[in-house]
Amino acid sequence: MRWRMIATIVFLLSTTLFGCALGKKEWPVAQKSEDLFKLTLISGARRDNCLLLQVAVSGASQRLYRASIQYDTVGGELGTCEGCPFIPRDVVNFTRDQDGFDMEGETLSLSMCSLDPKIEYRFRVAGKSELPTSPLVYTDIFTTTPQ
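Quick look at the state of the cysteines now. Formally, a disulfide is one covalent bond, and it connects the sulfur atom of one cysteine to the sulfur atom of another. In the structure shown here, the tally under the stated rule is 1 disulfide. In this model Cys-50 forms its disulfide with Cys-113; the gap between the sulfur atoms is 1.9 Å. On the sign convention where negative means left-handed, the S-S torsion of about 110° between Cys-50 and Cys-113 marks this disulfide as right-handed. Of the two residues, Cys-50 sits in strand β2 (residues 50-59) while Cys-113 sits in the loop between β6 (107-112) and β7 (120-129), which places them 63 residues apart along the sequence. Residue classification places Cys-50 among the buried residues on the basis of a relative accessible area of 13%.

Here you go:
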């Protein structure tokens, strides 16, 4: 009788302890409706050595933590050809609460002033969520014209 009681207690304790370790564990995944956003270029202007961009942020715009302008020169000795795949060689990052990251409603304004006015550039804007497991979001690739 005593042996059964001890065996029952050991069984209950072991199932309680080992049962806590069971289950599927994985990183949280962003929910489309609540956590993801999309970037779309509204307008872009080139003035002297500056590139001024207006980007629409649709969806969970409050999740946008960092925006980056990725760019590369077209042609010349260091640039890529017009038909070549886009490989950004330079990046300018803007994070929330930093100068240059100007978000009003769902419109993000970015400006970058390190361009050579005589060179043509290809660029895109990349956005990173404040959620670490969310993927980067990109706009289409655009080309500036030299002045």
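More follows now that the structure is in view.
Reading across the sheet, the 4 strands line up as β1-β2-β6-β5 and stay open at both edges, with antiparallel pairing between neighbours. Of all the strands in the sheet, the pair left with one neighbour each is β1 (37-47) and β5 (102-104). Strand-to-strand twist of the sheet, defined as the mean angle between neighbouring strand axes without regard to direction, takes the value 20°. Looking at chain direction, β5 and β6 are connected through 3 bridges and run antiparallel. Residue pairing for β6: Glu-104 is matched across the bridge by Thr-107.

Summarising the sheet, β1 and β2 pair through 10 bridges and their orientation is antiparallel. Following the sheet pairing, Arg-46 is matched in β2 by Leu-51. Hairpin connection from β1 to β2: 2 residues lie between these consecutive antiparallel strands, with Asp-48 at a positive phi of about 55°. Here β2 pairs with β6 via 6 bridges, running antiparallel. If you follow Leu-52 over to β6, its bridge partner there is Ser-111.

The next subject is the side chain of Gln-70. In this structure, Gln-70 sits in strand β3 (residues 64-74). Residue class for Gln-70 comes out buried when judged on its relative accessible area of 11%. Excluding residues that lie within four positions of it along the chain, Gln-70 makes contacts with Phe-86, Pro-88, Asp-90, Val-91, Arg-122, Phe-123, Arg-124, Ala-126 and Tyr-138.

In this section: a nonpolar patch on the surface. On the surface, a cluster of nonpolar side chains totalling about 320 Å² of accessible area is made up of Met-5, Ile-9 and Leu-13. For Met-5, a relative accessible area of 57% puts it in the exposed group.

With that settled, the discussion passes to the packing of aromatic side chains. The relative placement of two aromatic rings is captured by the distance of their centres and the angle of their planes. Within this structure, the stated rule accounts for 2 aromatic pairs. On the numbers, 5.9 Å between centres and 70° between planes, the contact of Tyr-71 with Tyr-121 is edge-to-face. Taken together, the residues Tyr-71 in strand β3 and Tyr-121 in strand β7 connect sequence positions 50 residues apart. In this structure, Tyr-71 and Tyr-121 share a single accessibility class: buried. The positively charged end of Arg-124 is found above the aromatic ring belonging to Tyr-138, 4.1 Å away from the centroid.

The rules behind each value
Residues numbered from 1 in each chain as written. Predicted model: local features only at pLDDT ≥ 70, side-chain atom pairs only at ≥ 80, totals over all residues. Heavy atoms only, no water. Disulfide = S-S within 2.5 Å. Helix = DSSP H or I, 4+ residues; strand = E, 2+ residues; numbered from the N terminus. Buried < 20%, exposed > 50% of the residue type's maximum accessible area, 1.4 Å probe, protein only. Pairing = 2+ DSSP bridges. Axes fitted to C-alpha atoms, helices over the stretch in contact; angles between N-to-C directions. Contact = heavy atoms within 4.5 Å. Patch = residues over 30% accessible without salt bridge, like charges linked within 9 Å, V, L, I, M, F, W, Y side chains within 5 Å. Areas by Shrake-Rupley, 256 points an atom, 1.4 Å probe, with all protein chains shown as cover. Salt bridge = Lys/Arg side-chain N within 4 Å of Asp/Glu carboxyl O. Phe/Tyr/Trp six-rings, centres within 6.5 Å; stacked < 30°, edge-to-face > 60°. Lys NZ or Arg CZ within 6 Å of the ring centre and 35° of its normal.

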